[in-house]
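# Coordinate inspection notes
Here are the chains, one letter per residue:
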Amino acid sequence: MIVTSHNGHTKSYLKPRFRVDIVDERCIRCGCCVEQCSFDSMYFDTQYQRIGSTDENCVACHRCVVFCPTQAITIHQMSIEYKHNDHWRPDVIEDITRQSETGGVLITGMGSDKPWTCYWDKLCLNASQVTNPSIDPLREPMELRTFLGRKPDRLEIDPRTMEMKTTMGPQVRIETPIMFSAMSYGAVSLNVHEALARAASLAGTLYNTGEGGLHPKLFKYGPHTIVQVASGRFGVHPAYLDVGRIVEIKIGQGAKPGIGGHLPGEKVSATVATTRMIPQGTDALSPAPQHDIYSIEDLSQLIHALKEATNYTKPISVKIAAVHNSAAIASGIARAGADMIAIDGIRGSTGAAPKSIRDNVGIPIEMALASVDARLRAEGIRNQVSLVVAGGFRTSADVVKAIALGADAVYIGTAALISIGCTVCQACYTGRCAWGITTTDDKLTKRQNPEIAAERMANLLHSWSHEIKEMLGAMGINSIESLRGNRLHLRGVGLTRAEADILGVRLAGE
Amino acid sequence: MKGLLNPDNRYGDDKSSAACSLFGMLDTTGRRFSSEAVIRAITNMHDRSNGLGGGFAAYGIYPQYPEHYALHVMYMSQAAKANVETYLRAEFDIEHAEPIPTSPANGIVNPPDVWRYFALPKQLDGLSGDDTVVQRVMHVNTSIADAFIFSSGRNMGVFKGVGFPEAIARYFRLEEYQGYLWTVHGRFPTNTPGWWGGAHPFNVLDWTVVHNGELSSYGINRRHLEMFGYFCTLQTDTEVAAYAVDLLVRRHGHSIETLAKILAAPLWSEIDRMPPRERALHQTLRQVYGSLLLNGPFTIIIAHTGQMIGLTDRIRLRPLVAGVRGDVLYLSSEESAIHLVCPDVERTWTPMGGEPVVGTVGVAPGPPKSAATTQAAGRKSARGRG
Ligand code: SF4
Ligand code: SF4
Ligand code: SF4
């Protein structure tokens, strides 16, 4: 195999994607942009005493733009026109070019950028008019409190003493139906992990450790932590299981269903190594399957082993990617004893994934959620599990629509990162994130101050929660449980009849 | 399912919502009285209905058949009658069958053929008599076209149809009946012309519900009840309230107080202030039964043998007034109707949102201990007028 890097000796045929423009009259030569650009695009041109850019290195992360004190920098899409072709699109041509230069699998970061139908954008919400007063959340109570965990069909109460005779499984309370998705320490920096933990604590919700273990410094946020047990078993030990509020078994992830994870050795710093319990500088490879789970009964054993290990004090969640037969799989998971099922759709994000997988494998979360909720109801077991969905949630309205379709709560990942500067430049896999998010580089990680980042994330949750309350109030509902699975508050626009049937919604005007 | 095709839903609406007048009257000694007072009361609230639905539930009216289920059936075609009777004969021992006596009344047009059957279920399939009856009623209502069982309890009956409630009373000659508990409903539906089955009260076994309001939670209430074998065929939100009551009280064995705490759950801010044991109970009730919370503006009067319960939504968006005189408990949408039929009423009060008013045969009725404060607080937060 010929492996040559386009930064190496062979001439690359790739054209730069962006053009960095610096207005020379504005530039005061402070050097800030050079300092901030972690992708080696900006440099100080000593010959001409001005700032120059290596455009082909620019990923459009906008770090320089934001930090330039004189607004001297703009980033443009390179407008290099190809002969128009709907089939051989520029991105296709460029991918092939890149592959022919490296001989490797194309790796990328964040969620799919392909134009998958976003069903959230094709669903309208309802509002009260005349027959039913809308409710103003600023004046009236409006409740978002949600409990995750297995619920019985029926509660038995002794009518004389009012003593409850049914024992409930462990329940975890969140004050807003939005949680932070699994992002491992290693994929993101320790400061970001800490920010997530603090934001979750501030907002009364949970964050998820991902599969990289938990730094001891963050143990104190345990009541707001979902600890993940994934195929690599990185960082899983008794104290880790003990400290979390929920234990999540990760089977799959929306951005890369069916494949494992790969944290390159360069990102495995000394602390990452200790947290993951692996040698420093070694690649952290998560196998594609969990090697002790080759069937549903194996999953059941692991669920029960974890319940046993945590003394039945924590709900056990199973996270899967949304795939073609999610409904049947979810039913199996519920029957295998899970208390919570997390489903991650095709637009789900990642630190690094093969592009071919990210952009082609899995199904949209809307369809998976609708069919899973309907299936669990048809089988009369919807109560047994909480349903959490993930995969590209962008707005409070997306969240409201997901809950109306049947989710108990959603996970957000990308949106949380955007709140601390991420511009979805998709360069996370490089480990050079200029925003100090998806990196373990000592210098770059300092760009995130956990306290400020936590506040920004908590603000985002606060604003979404408030918007959710406004939308609930408009529908004449004052508690989130009356929205959950209440598909009558959704109407489809621009959906085929078959799509509407799968989503279990009527079309607008019906 | 024939639901979407029934005449009440020719436009395919999800649910019909209605503003309404409600009235209920219970003699807690069990003494039976005529329908005269309740008819006068509901007539006084004429403006709250629009002639598209009225109905009555009366308890203690069939003392001659105390053990038999009184099945009231409406037929929209002769074929339906033949089909239902074949089915009923196969599934029930029918003690007596007759057309329900009617007289022509103003404003009553195109009435269906209405019959009643006093019957006991034959085969119990290992189910209780009640469960069997529920299942048979569901069968007729979902799979036999043009027929509808609208009352299926013992020693009680529902009479309802399209018309103002006072006309419905005249049509069914209700002056001829004596009961110890009556509830009445005048309907103001917001969508279709209404069909006879869509009028209130809604019934399953001896449970009846009359309702003023619109349930924004209907979609999930219905989907939750489907998991327990209840299928909503009427696209009328009150239906879910009737089934929820049957599920929670009869099948899950909850008390009326617990029922109220589920249908109109206390707010979390209230639960958080409760002493630990009570807090745990209320929290668990919301965790388990959150999908049955009735959300949106409502007042309902629930009745079953020996008991009448009034309940409003937790933020009291629809009116309810209670009154007591001696052994008699009154519930009404408007206080004036109580004063009209009982000028010497001893006490009236406005219940708090979500706080049930319960009248039980054998128990002297009365306002809650906190009635004085209740009254003031209740008035303050009452803002809806259905
Ligand atoms: S990579 Fe980011 S910091 Fe560097 S030039 Fe491009 S936009 Fe600016
Ligand atoms: S940050 Fe702005 S002002 Fe400073 S050197 Fe760069 S372009 Fe010039
Ligand atoms: S986390 Fe950093 S590298 Fe990844 S998309 Fe966001 S800004 Fe780019």
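Not measured: the values here are computed from a predicted model.

Procedures and definitions
- All chains use their own residue numbering, which begins from 1 and follows the written sequence.
- Chain letters start at A and ligand numbers start at 1, both assigned in the order the entries are written.
- This being a predicted model, a pLDDT of at least 70 is required before a residue's local features are given, and a value of 80 or more before pairs of side-chain atoms are given or counted; all residues contribute to the totals for chains, interfaces and linings.
- Based on all heavy atoms of the structure, the side-chain values leave hydrogens and waters out of the count.
- Per the convention used, a helix needs a DSSP run of H or I reaching at least four residues, while a strand needs a run of E reaching at least two, with both numbered from the N terminus.
- To get the radius of gyration, use the C-alpha atoms; to get the globule rule, take the number of residues to the power 0.38 and multiply by 2.2 Å.
- Working rule for contacts: check all heavy atoms of both residues, and any pair within 4.5 Å makes them a contact.
- For the purpose of counting charges, residues Lys and Arg are taken to be positive, whereas Asp and Glu are taken to be negative. His and the chain ends are not included.
- A single reference atom marks each charge: NZ on Lys, CZ on Arg, CG on Asp, CD on Glu.
- The buried label goes to any residue with under 20% of its type's maximum accessible area, the exposed label to any with over 50%, and the partly exposed label to all in between, with areas taken from a 1.4 Å probe on protein chains only.
- For the area figures, the Shrake-Rupley method with a 1.4 Å probe applies, and any residue is considered shielded solely by the protein chains shown.
- Any residue with at least one heavy atom within 4 Å of a molecule or strand is counted as near it.
- All amino acids are sorted into three groups, where Ala, Val, Leu, Ile, Met, Phe, Trp, Tyr, Cys and Pro are nonpolar, Asp, Glu, Lys and Arg are charged, and the leftover types, Gly among them, are polar.
- A pair of strands is labelled paired if DSSP reports no fewer than 2 bridges between them.
- Handedness rule for crossovers: strands pointing away from the viewer, path from the first strand over the helix to the second running clockwise, crossover right-handed.
- How far a helix is expected to stretch is found by multiplying one less than its residue total by 1.5 Å.
- Summarising the geometry, the arc corresponds to the directions from the helix axis toward the C-beta atoms.
- Think of each axis as a best-fit line through the C-alpha atoms, taken over the contacting stretch in the case of a helix, with angles from 0 to 180 degrees between the N-to-C directions.
- Working rule for angles: under 35 degrees goes down as roughly parallel, over 145 as roughly antiparallel, 65 to 115 as roughly perpendicular, anything else as oblique.
- Here a crossing is taken to be left-handed if its near helix is turned anticlockwise relative to the far helix by less than a right angle, and right-handed if that turn runs clockwise.
- Here, nonpolar core means buried Ala, Val, Leu, Ile, Met, Phe, Trp, Tyr and Cys residues that are tied together by side-chain atoms lying within 4.5 Å of each other.
- What counts as a ring pair is set by centres within 6.5 Å for rings of Phe, Tyr and Trp (its six-membered ring), and what kind of pair is set by the plane angle: stacked under 30 degrees, edge-to-face over 60, tilted for all other angles.
- Two conditions define a charge sitting above a ring: the NZ of Lys or the CZ of Arg must be within 6 Å of the ring centre, and it must be within 35 degrees of the ring normal.
- By buried area we mean how much accessible surface two parts lose on assembly, using a 1.4 Å probe and totalling the loss over both.
- One side-chain nitrogen of Lys or Arg within 4 Å of one carboxyl oxygen of Asp or Glu is enough to make a salt bridge.
- For the purposes of these results, a polar contact is taken to be a pair of N or O atoms within 3.5 Å, where, inside protein, one atom must be able to donate a hydrogen and its partner to accept one; residues adjacent in sequence count only when each atom of the pair is a side-chain atom.

A few words now on the overall build of chain A. When helices and strands are counted, chain A shows 15 helices and 21 strands. Here the C-alpha radius of gyration of chain A, 24 Å, is about what a compact globule of 510 residues would show, namely 24 Å. Once local pairs closer than 6 in sequence are excluded, the contacts in chain A between residues at least 24 apart make up 69%. Charge-centre separation for chain A: the mean point of 53 positive side chains lies 1 Å from the mean point of 52 negative side chains.

On a plain count of helices and strands, chain B comes out with 11 helices and 18 strands. Sorting the 386 residues of chain B into buried and exposed places 64% on the buried side. A separation of at least 24 residues holds for 76% of the contacts in chain B among residues at least 6 apart in sequence. On chain B, roughly 13,000 Å² of surface is accessible, and the fraction owed to carbon and sulfur atoms is 52%.

Another point: the site of ligand 1. Neighbouring ligand 1 are Cys-37, Phe-39, Ser-41, Met-42, Cys-58, Val-59, Ala-60, Cys-61, His-62, Arg-63, Cys-64 and Ile-75 of chain A. Partitioning the shell around ligand 1 into residue classes produces 9 nonpolar, 2 polar and 1 charged.

Below, the discussion takes up the pairing of strand S16 (residues 340-344) of chain A. Residue and element names in this part refer to chain A. Taking burial as the measure, the 5 residues of S16 include 5 buried ones, the bulk of the element. Where strand S15 (residues 316-321) meets S16, 5 bridges bridge the pair, whose relative direction is parallel. In the sheet register, Ala-321 faces S16, and the bridge partner there is Asp-344. Handedness of the β-α-β unit built from S15, helix H8 (residues 326-335) and S16 comes out right-handed. Relative to strand S18 (residues 386-390), S16 is paired through 5 bridges, and the arrangement is parallel. Paired with Met-340 across the strands is Ser-386, a residue of S18.

This next bit is on the site of ligand 2. Neighbouring ligand 2 are 13 residues, the closest being Cys-27, Cys-30, Gly-31, Cys-33 and Cys-68 of chain A. Residues that form the shell around ligand 2 fall into these classes: 10 nonpolar, 2 polar and 1 charged.

All right, on to helix H2 (residues 78-91) of chain B then. Residue and element names in this part refer to chain B. With 14 residues, H2 extends 20 Å between its outermost C-alpha atoms, agreeing within 8% with the 20 Å of an ideal straight helix rising 1.5 Å per residue. Within H2 the residues assigned to the buried category are Ala-80, Lys-81, Val-84, Glu-85, Tyr-87, Leu-88 and Glu-91. End-on view of H2: buried residues confined to an arc of 165 degrees, all on one side of the axis. Facing away from the buried surface of H2 by more than 90 degrees, the exposed residues are Gln-78 and Arg-89. Looking at the buried residues of H2, the elements they touch are strand S4 (69-75), strand S5 (92-99), strand S6 (113-121), helix H3 (129-143) and strand S7 (147-151).

Residues and elements named next belong to chain B. The geometry of H3 relative to helix H6 (residues 238-251) is characterised by a closest axis approach of 13 Å and an angle of 160 degrees between their N-to-C directions. If you check the angle between H3 and H6, you find them roughly antiparallel. Of the two possible hands of crossing, H3 and H6 adopt the one that is left-handed. Packed against H3, whose contacting residues are Asp-130, Asp-131, Val-134 and Met-138, the element H6 presents Tyr-243, Asp-246, Arg-250 and Arg-251 at the interface.

A few words now on the nonpolar core. With 126 residues, the main nonpolar core has Trp-120, Phe-180, Ile-249, Ile-343, Ile-412, Ile-437 and Leu-503 of chain A as its most contacted residues. Examining the composition of this core, we find that 11 residues originate from one element, helix H14 (residues 450-475) of chain A, more than from any other. Leave out the neighbours within four places in its chain, and Ile-343 of chain A touches Ile-320, Ala-321, Ala-322, Ile-365, Ala-368, Val-372, Leu-387, Val-388, Val-389 and Ala-390 of chain A. In this structure, Phe-33, Tyr-62, Phe-159 and Ala-303 of chain B belong to the second largest nonpolar core, which totals 63 residues.

The next thing to look at is the packing of aromatic side chains. All names here are of chain B. Tallied over the full model, the rule gives 13 aromatic pairs over all chains. Residues Phe-23 and Tyr-330 carry aromatic rings whose centres are separated by 6.3 Å and whose planes lie at 55 degrees to one another, so their mutual orientation is tilted. Remark: Tyr-330 occurs in strand S16 (residues 328-332) and Phe-23 occurs in strand S1 (residues 18-27); sequence separation between them is 307 residues. Grouping residues by exposure puts Phe-23 and Tyr-330 together as buried. Seen from their ring centres, Tyr-171 and Trp-196 are 5.7 Å apart, and the 70 degrees between their planes marks the pair as edge-to-face. Of this pair, Tyr-171 sits in helix H4 (residues 165-171) while Trp-196 sits in the loop between strand S10 (181-189) and strand S11 (202-204), placing them 25 residues apart in sequence. Judged by its relative accessible area of 6%, Trp-196 falls in the buried class. Linked through ring pairs, Phe-159, Tyr-171, Phe-172, Tyr-177 and Trp-196 together constitute an aromatic cluster. Above the ring of Trp-115, the side-chain terminus of Lys-81 is found at 3.8 Å from the ring centroid.

Glancing now at the interface of chain B and chain A. Each side of the interface is counted separately: chain B has 45 residues, and chain A has 46 residues. Carbon and sulfur atoms make up 51% of the area that chain B and chain A hide from each other, which totals about 3,900 Å². Counting across the interface, chain B meets chain A through 6 salt bridges. Taking the shortest distance from any N to any O, the salt bridge between Glu-143 of chain A and Arg-286 of chain B comes out at 2.7 Å. For the interface between chain B and chain A, the tally reads 20 residue pairs in polar contact (both at pLDDT 80 or more). Contributing elements (two or more residues each) for the side of chain B that touches chain A: helix H5 (218-226), helix H8 (268-271) and helix H9 (276-289) of chain B. When residues of the side of chain B that touches chain A are assigned to their parent elements, the largest contribution, 10 residues, is made by H9 of chain B.

In this section: the sheet that holds S16 of chain A. Residues and elements named next belong to chain A. The sheet built from 8 strands is open, its strands ordered S9-S19-S18-S16-S15-S12-S11-S10 with parallel pairing. Of all strands in the sheet, those bounded by a partner on one side alone are strand S9 (178-180) and strand S10 (207-208). Bridge analysis of S18 against strand S19 (residues 409-412) gives 2 bridges, and the strand direction is parallel. Of the residues in S19, the one forming a bridge with Val-389 is Val-410. Seen against the sheet, H8 touches S15 and S16 and runs at an angle of roughly 165 degrees to S15.

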